[in-house]
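Structural overview
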Amino acid sequence: MLDISPTEWTAILLSLRVATVATLVATPLGIGVAWLLARRDFWGKAFFDALIYLPLVLPPVVTGYLLLLTFGRRGLVGAWLADHLGIVIAFRWTGAALACGVMSFPLLVRPIRLSIEAVDRRLEQAAATLGAAPWRVFLTVTLPLALPGVLAGMVLGFAKAIGEFGATITFVSNIPGETQTISSAIYSLIQTPDGDTAALRLVLVSIFIATAALLASELFARRATQRLHGN
Amino acid sequence: MLRVDVVKKLGEFTLEASFTSEGRVTGLFGASGAGKTSLINMIAGLVKPDRGTIALDGETLDDSATGLHIPPYRRRIGYVFQDARLFPHLDVRQNLDYGRRMNRLTEDPAQQKRVIQLLDIGSLLDRRPGKLSGGERQRVAFGRALLSKPKLLLLDEPLGALDEERKREILPYLVRLRDEAGIPMVYVSHDAAELRQLATQIVMLKGGRITAFGGVKVLTSS
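The written sequence of each chain sets the order in which its residues are numbered from 1. By the order in which they are written, chains take letters starting at A while ligands take numbers starting at 1. Predicted model: local features are reported for residues with pLDDT of at least 70 only, side-chain atom pairs are reported and counted for 80 or more only, and whole-chain, interface and lining totals are derived from all residues.

Details of the overall build of chain B
Stated formally: Secondary structure follows DSSP: runs of H or I at least 4 residues long count as helices, runs of E at least 2 residues long count as strands, and numbering of each begins at the N terminus. All radius of gyration figures rest on C-alpha atoms, and the globule criterion is 2.2 Å times the number of residues raised to 0.38. Burial in this document is a count-based property: other C-beta atoms within 10 Å of a residue's C-beta are tallied, and the residue is buried at 20 or more, exposed at 12 or fewer, or partly exposed in between, with C-beta positions derived from the backbone.
In terms of helices and strands, chain B carries six helices and eleven strands. The C-alpha atoms of chain B give 17 Å as radius of gyration, which agrees with the globular expectation for 222 residues (17 Å, within 12%). Projected onto its principal axes, the C-alpha coordinates of chain B cover approximately 45 × 40 × 30 Å. Split into buried and exposed, the 222 residues of chain B put 44% on the buried side.

Pasting the structure below:
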């Protein structure tokens, strides 16, 4: 039964690529946003906070449609990107990565934010009296101490990106080899008369990937905690 | 020489302090809540005075009239906190080296060796702060502050979290620090006995005001 066909492999590899790129691009951005939310007060913070978490509560099809309106070829940003930089992301795998990145962003940001909030500010003060400018305090004290949260956020974000369906299919459709991820492949297969076995194979694969990701995050978190507490 | 002339509203009361210290160790004496920590936090630059000036060796660090406030990381003022505040993710060696790296100073193995010997922390270098006793942690904190080559060293009840036995263990190191390191210090304490051993000059603080100033003798009159 675990005889995975070439089209299924394509979908699996595409999903991994999309989720990896989405996570890697979103992480630095997520760290910046988490730091802003954890450590700074600014005008409109409550609104900004809500905006970040919006993809979590909006119907995914709404997020996907908004992405299409913004980043589609005739969209405000999409048209500009196509005309000036020659970049088209609608109906491409990069568009799938964007959709997954947006959808997983709240899950990525939350653990990072919590772990930055948990960093003892008195240690940051101590670093300042030792001559560290704010950005160096962040890089040498805050970020290393928040590392378990960063890893947890990355894994959660990755897992969400792997499984993302609604926004992705709305924004970039379901094109085999280009935008057909595991989720959309399963969706297509269960609508095909003889697709059950293949769908089940992909279901097993996605269970495997999700479990592996969770185990990896557990391992990272344990290592990071050990490192921090000096054992 | 340290010149302080500041006003700061602190919740219930207002801290008003004006003094000039030239001693090697200025003891800042007073009960808890007298405003001692707020005062040295202002000297460190961690807290901004509402009004007034702070100057060290002729360089103005704070001046509310011109809006000048040099941030802590540009002051070159070392700070030893009551709770050590060693970085838990770095070992002792990296903690000691932190200030040198942040101030982009060249390595000075001779000074490093001297400080490590002075504080007797050579055997702790590869350990993490989590594996140190309270007294050891505080000694490493002294070393970390000293090795950033500060122009002034602030010590906020550095023995406050230790029991009597540990205090007796650490005091001789502080006396050696005073006599050998050659860095002026401001030493905060509510323990007159401790200050009699260490301070060369006393600033007495009560309810946010300076009530006495002078040699160690002023401690006996209290």
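Once you've had a look at it, read on.
Some details on the overall build of chain A
What counts here: Contact definition: two residues whose C-beta atoms, as placed from backbone geometry, lie within 7 Å.
Within chain A, the regular secondary structure consists of ten helices and zero strands. Counting from the amino terminus, helix and strand elements in chain A follow one another as α-α-α-α-α-α-α-α-α-α. Taken over the C-alpha atoms alone, chain A extends approximately 70 × 45 × 30 Å along its principal axes. Across the 231 residues of chain A, 42% fall into the buried class. Excluding contacts between residues fewer than 6 apart, the proportion of contacts in chain A whose partners are at least 24 apart in sequence is 77%.

With respect to the packing of helix 6 (residues 121–129) of chain A against helix 7 (residues 134–163) of chain A
Residue and element names in this part refer to chain A. For clarity, the threshold we go by: Only the contacting stretch of a helix is used when fitting its axis, a line to C-alpha atoms as for every element, and angles between N-to-C directions run 0 to 180 degrees. Relative orientations are named as follows: roughly parallel for angles under 35 degrees, roughly antiparallel for angles over 145 degrees, roughly perpendicular for angles from 65 to 115 degrees, and oblique for any other angle. Note: crossing handedness is left-handed where the near helix turns anticlockwise from the far helix by less than a right angle, and right-handed where it turns clockwise.
Direction vectors running N to C along helix 6 and helix 7 enclose 135°, while the axes themselves pass 10 Å from each other. Taken together, the axes of helix 6 and helix 7 are oblique relative to one another. Relative to helix 7, the crossing made by helix 6 is right-handed. Contacts from L123, E124, A127 and A128 of helix 6 reach helix 7 at V137, T140, V141 and T142.

Considerations on the interface of chain A and chain B
Put simply, an interface is often sized by how much accessible area is lost when its parts join up. Going by this rule: Residue classes follow a fixed rule: Ala, Val, Leu, Ile, Met, Phe, Trp, Tyr, Cys and Pro count as nonpolar, while Asp, Glu, Lys and Arg count as charged, and any other residue, Gly among them, counts as polar.
Tallying the contact residues gives 18 residues for chain A and 23 residues for chain B. Among the elements of the structure, helix 6, helix 7 and helix 10 (196–229) of chain A are those that each provide at least two residues to the side of chain A that touches chain B. With six residues, helix 6 of chain A is the largest single contributor of residues to the side of chain A that touches chain B. The residue makeup of the side of chain A that touches chain B, split by class, is ten nonpolar, five polar and three charged.

Remarks on helix 5 (residues 164–180) of chain B
All names here are of chain B. Condition: Take the residue count of a helix, subtract one, and multiply by 1.5 Å to get its expected span.
Spanning 17 residues, helix 5 covers 25 Å between terminal C-alpha atoms, matching the ideal 24 Å at 1.5 Å per step. Every buried residue of helix 5 is accounted for by I170, L174, L177 and R178. As for helix 5, its buried residues are in contact with strand 3 (25–29), helix 3 (109–119), helix 4 (134–146), strand 9 (185–189) and helix 6 (192–198). Where helix 5 ends, the next residue or the one after it, G182, has phi of about 70°, a positive value.

Considerations on the pairing of strand 7 (residues 77–80) of chain B
Residues and elements named next belong to chain B. Keep this limit in mind: Criterion used throughout: strands pair if DSSP finds at least two bridges between them.
Burial of the side chains of strand 7 extends over both faces: I77 and Y79 are buried on one face and G78 and V80 on the other. By the bridge criterion, four bridges tie strand 7 to strand 8 (residues 152–156) in an arrangement that is parallel. Across the sheet, the residue bridging to G78 is L153, located in strand 8.

Thoughts on the packing of helix 4 of chain B against helix 5 of chain B
Packed helices, taken two at a time, are described by the angle between their axes plus the distance between the axes. All names here are of chain B. Relative to each other, helix 4 and helix 5 sit at 15°, their axes nearing to 10 Å. Compared by their axis directions, helix 4 and helix 5 come out roughly parallel. Helix-helix and strand crossings are classified by hand; for helix 4 and helix 5 the assignment is right-handed. Contacts between helix 4 and helix 5 involve G134, G135, Q138, R139 and F142 from the first element and R166, E169, I170, Y173 and L177 from the second. When its residues are assigned to classes, the contact of helix 4 with helix 5 shows four nonpolar, three polar and three charged.

As for the nonpolar core
Filter applied, for reference: Any set of buried Ala, Val, Leu, Ile, Met, Phe, Trp, Tyr and Cys residues joined through C-beta atoms within 7 Å is what this text calls a nonpolar core.
In this structure, A99 of chain A together with I43, L154 and Y187 of chain B are the most contacted members of the largest nonpolar core, which totals 121 residues. Per-element accounting of this core gives the leading share, 16 residues, to helix 7 of chain A. With sequence-adjacent residues up to four places away left out, A99 of chain A is seen in contact with G64, L67, E164, A167, T168, F171 and V172 of chain A.

Here's the deal with the pairing of strand 9 of chain B
Residue and element names in this part refer to chain B. Spelled out, the test is: Orient the strands so they point away from the viewer, and a crossover whose first-strand-to-second-strand path over the helix runs clockwise is right-handed.
Judged by how many residues are buried, strand 9 sits mostly within the fold: five of five residues are covered. In the sheet, strand 3 pairs with strand 9 via five bridges, with the strands oriented parallel. Bridge pairing links F29 to S189 in strand 9. When strand 8 meets strand 9, the two strands line up parallel, connected through four bridges. Of the residues in strand 9, the one forming a bridge with L155 is Y187. Following the backbone out of strand 8, through helix 5 and into the adjacent parallel strand 9, one traces a crossover that is right-handed.

Section: the confidence of the model for chain B
Heads up, the rule is: Confidence scores here are pLDDT values: one per residue, from the predictor, ranging 0 to 100.
Confidence in the prediction for chain B averages 91 pLDDT; 99% of positions are at 70 or higher. Both scores are given for the predicted complex: the pTM is 0.87, the ipTM 0.92.

Considering helix 3 (residues 60–71) of chain A
The periodicity of an α-helix, 3.6 residues per turn, causes residues three or four positions apart to be oriented the same way. Residue and element names in this part refer to chain A. The test is simple: Arc, as used here, means the arc of the directions from the helix axis to the C-beta atoms.
With twelve residues, helix 3 should reach 16 Å at 1.5 Å per residue; the first-to-last C-alpha distance of 16 Å fits that figure. Regarding helix 3, the residues found buried are T63, G64, L67, L68 and F71. Down the axis, helix 3 shows its buried residues gathered within 140° of arc, on one side only. Where helix 3 is buried, its residues meet helix 2 (45–57), helix 4 (76–85), helix 5 (93–118) and helix 8 (166–172).

Looking at the environment of K151 of chain B
Within the element layout of this structure, K151 of chain B appears in the loop between helix 4 and strand 8. Given 14 C-beta atoms within 10 Å, K151 of chain B falls into the partly exposed group.

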